[in-house]
Amino acid sequence: MKLLTHNLLSSKSLKGVKVGYPLRIVAKDVKINESKFNKEFVKKIIPKLDWQVFINAAVQIGHNNDLSDELIDDYENNDEFLKKVHHLLVEIEIINGELICPETDRVFPISDGIPNLLLNVNEVP
Amino acid sequence: MATMKLKKLQHALEDIETFENPKIELEQYTTSSHIAACILHTAELVYNDISGKCVADLGCGSGVLSIGAALLGAQYCAGFDIDPSAISLSVENAVDRDVLGQCDFILCDVKKIDKNVRLKAFDTVIMNPPFGTRERGADLIFLKMALSLATRAVYSLHKTSTRKRIMSLAKELDVSAKVIAELRFDLPASYKFHKQDSVDVQVDLIRFKLPLLDSNL
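What comes next is a walk through the structure. This is a predicted model, so every value here is computed, not measured.

A few words now on the overall build of chain B. For chain B, the helix and strand inventory stands at 6 helices and 7 strands. The order of α-helices and β-strands along chain B, N terminus first, is α-α-β-α-β-α-β-β-α-β-α-β-β. Per-residue burial for chain B yields a buried fraction of 55% across its 217 residues. Expressed as a percentage of contacts within chain B between residues at least 6 apart in sequence, the contacts between residues at least 24 apart total 73%.

Below, the structure is given as structure tokens:
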């Protein structure tokens, strides 16, 4: 699971959960998967991200590069910055770990790179 | 990167592993490599909805649409399915074609995906949803979910016999819908209750166009 995916997921599907975002991450097993840098794509995706959630997620999995909590101005023309974002967003793969609901502490396992958000019958509203 | 030729794409998708034991209640009919390639090729060449885009695949099954989208240059493809064996199959197929770097596969209930995934997070949604034959209305729920996730377009397959229902839902939700191809689905007798060897079903490929948002400009 990539951090881009993490940025999109919530646990609002759980009974009684209001926001369910962001999910905490516990990464037990992380792999780096190099992929082609597409500058236009990264530029386009940044404004769609919840930036602070993205940076916190990188910190939680121990890949806190030097990116700050505040999105820098003029990032569109900063190749070095965009490459770092690309790396954190799509090249880091959480192979095994957990996603944890911020309101209920319900654990959603990540195994073999696959996050499992399925609920038991008694957890559905 | 020049767009992959239709034939080459179809070939790349040809030997995708499919379900050994399809589940009736989920209407797991595999999208054939030919149909998948045609849908994706049209989406890319005619509408520019794939290359460089964020693409979601709801009820991804074998992963054929996600993988095809990745081969056509989609930057990020997310496949969602409620069935663990489908998701594992998708991962396996994506690894075989060396596109897992562009894909993530997520286990979740697609019918409630609006409570698991940020709305409007994707440019394009491509899907082969259940036809709603086994579970009435499943097709419409999938379509509503797809429209809640996409900002540009949704491509979906529906039985031609349900066209009126689909079009009126599109109207209700204020999206324009266009049948861009009429296909014959040659469904192999996947299930024991199918008496003939294969069943021909008339299917529409429909493109739903979302109202343009500022972020698309």
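With that out of the way, let us pick up the nonpolar core. Core analysis: the biggest nonpolar cluster contains 66 residues, and Leu58(B), Phe80(B), Phe122(B) and Val154(B) have the highest contact counts within it. In terms of residue count, helix H5 (residues 138–149) of chain B provides more of this core than any other element does, 7 residues in total.

Taken residue by residue, the interface counts 30 residues in chain A and 27 residues in chain B. Overall, the association of chain A and chain B removes approximately 2,300 Å² of surface from exposure, summing both partners, and the carbon and sulfur fraction of that is 55%. Looking at the side of chain A facing chain B, the largest losses of area belong to Leu8(A), Lys48(A) and Leu118(A), adding up to 26% of the total buried there. Summed over the shared surface of chain A and chain B, the result is 2 salt bridges. Among the ionic pairs, Lys48(A) bridges to Asp123(B), the shortest N-O distance being 3.6 Å. At the surface where chain A touches chain B, the tally comes to 18 residue pairs in polar contact (both at pLDDT 80 or more). Considering only residue class, the side of chain A that touches chain B consists of 14 nonpolar, 9 polar and 7 charged.

Here we take up the packing of aromatic side chains. As enumerated under the stated definition, the model contains 6 aromatic pairs over all chains in all. Ring geometry for Tyr75(A) versus Phe81(A): centroids 6.4 Å apart, planes at 40°, classification tilted. For the pair Tyr75(A) and Phe81(A), one class covers both residues: buried. Taking 6.3 Å as the distance between ring centres and 90° as the angle between the ring planes, the aromatic pair formed by Phe80(B) and Phe122(B) counts as edge-to-face. Residue Phe80(B) is found in strand S2 (residues 76–81), and its partner Phe122(B) is found in strand S4 (residues 122–127); the two are separated by 42 residues along the sequence. Residue Phe80(B) is classed as buried on the basis of its relative accessible area of 1%. For Phe122(B), a relative accessible area of 0% translates into the label buried. Each residue in the set Trp51(A), Phe54(A), Tyr75(A) and Phe81(A) is aromatic and connected to the rest through ring pairs, giving one cluster.

Tracing the backbone shows Val201(B) in strand S7 (residues 198–209). Expressed as a C-alpha distance, the spacing of Val201(B) and Asp186(B), which sit 15 residues apart in the sequence, is 6.5 Å.

Residues and elements named next belong to chain B. Look at H5: 17 Å from first C-alpha to last across 12 residues, which is about the 16 Å you get at 1.5 Å a residue. With respect to burial, H5 is a largely interior element, 10 of its 12 residues being buried. For H5, the complete set of buried residues consists of Ala138, Asp139, Leu140, Phe142, Leu143, Met145, Ala146, Leu147, Ser148 and Leu149.

The next point concerns the side chain of Lys53(B). With respect to the helices and strands, Lys53(B) occurs in the loop between helix H2 (33–45) and strand S1 (54–58). Buried charged residue Lys53(B) carries no salt bridge. Nearest counter-charge: Asp123(B), at 6.1 Å. Leave out the neighbours within four places in its chain, and Lys53(B) touches Phe41(A), Lys44(A), Asn48(B), Ala74(B), Gln75(B), Tyr76(B), Asp123(B) and Arg152(B).

Before going further, it helps to examine the sheet that holds strand S2 (residues 92–100) of chain A. Residues and elements named next belong to chain A. The strand order across the open sheet formed by 4 strands is S1-S2-S3-S4, and the pairing between neighbours is antiparallel. At either margin of the open sheet sits one strand with a lone partner, and together these are strand S1 (24–32) and strand S4 (114–115). Where strand S3 (residues 107–111) and S4 come together, 2 bridges link them in antiparallel fashion. The partner of Ile110 across the bridge, within S4, is Pro115. Relative to S2, helix H4 (residues 79–91) is tilted by about 60°, and along the sheet it contacts S1 and S2.

The rules behind these values
- Residues numbered from 1 in each chain as written.
- Chains lettered and ligands numbered in written order.
- Predicted model: local features only at pLDDT ≥ 70, side-chain atom pairs only at ≥ 80, totals over all residues.
- Heavy atoms only, no water.
- Helix = DSSP H or I, 4+ residues; strand = E, 2+ residues; numbered from the N terminus.
- Buried < 20%, exposed > 50% of the residue type's maximum accessible area, 1.4 Å probe, protein only.
- Contact = heavy atoms within 4.5 Å.
- Core = buried A, V, L, I, M, F, W, Y, C linked by side-chain atoms within 4.5 Å.
- Buried area = accessible area lost by both parts, 1.4 Å probe.
- Salt bridge = Lys/Arg side-chain N within 4 Å of Asp/Glu carboxyl O.
- Polar contact = N/O pair within 3.5 Å; in protein donor to acceptor, adjacent residues only side chain to side chain.
- Nonpolar A, V, L, I, M, F, W, Y, C, P; charged D, E, K, R; others polar.
- Phe/Tyr/Trp six-rings, centres within 6.5 Å; stacked < 30°, edge-to-face > 60°.
- Expected span 1.5 Å × (residues − 1).
- Lys, Arg positive; Asp, Glu negative; His and termini not counted.
- Pairing = 2+ DSSP bridges.
- Axes fitted to C-alpha atoms, helices over the stretch in contact; angles between N-to-C directions.

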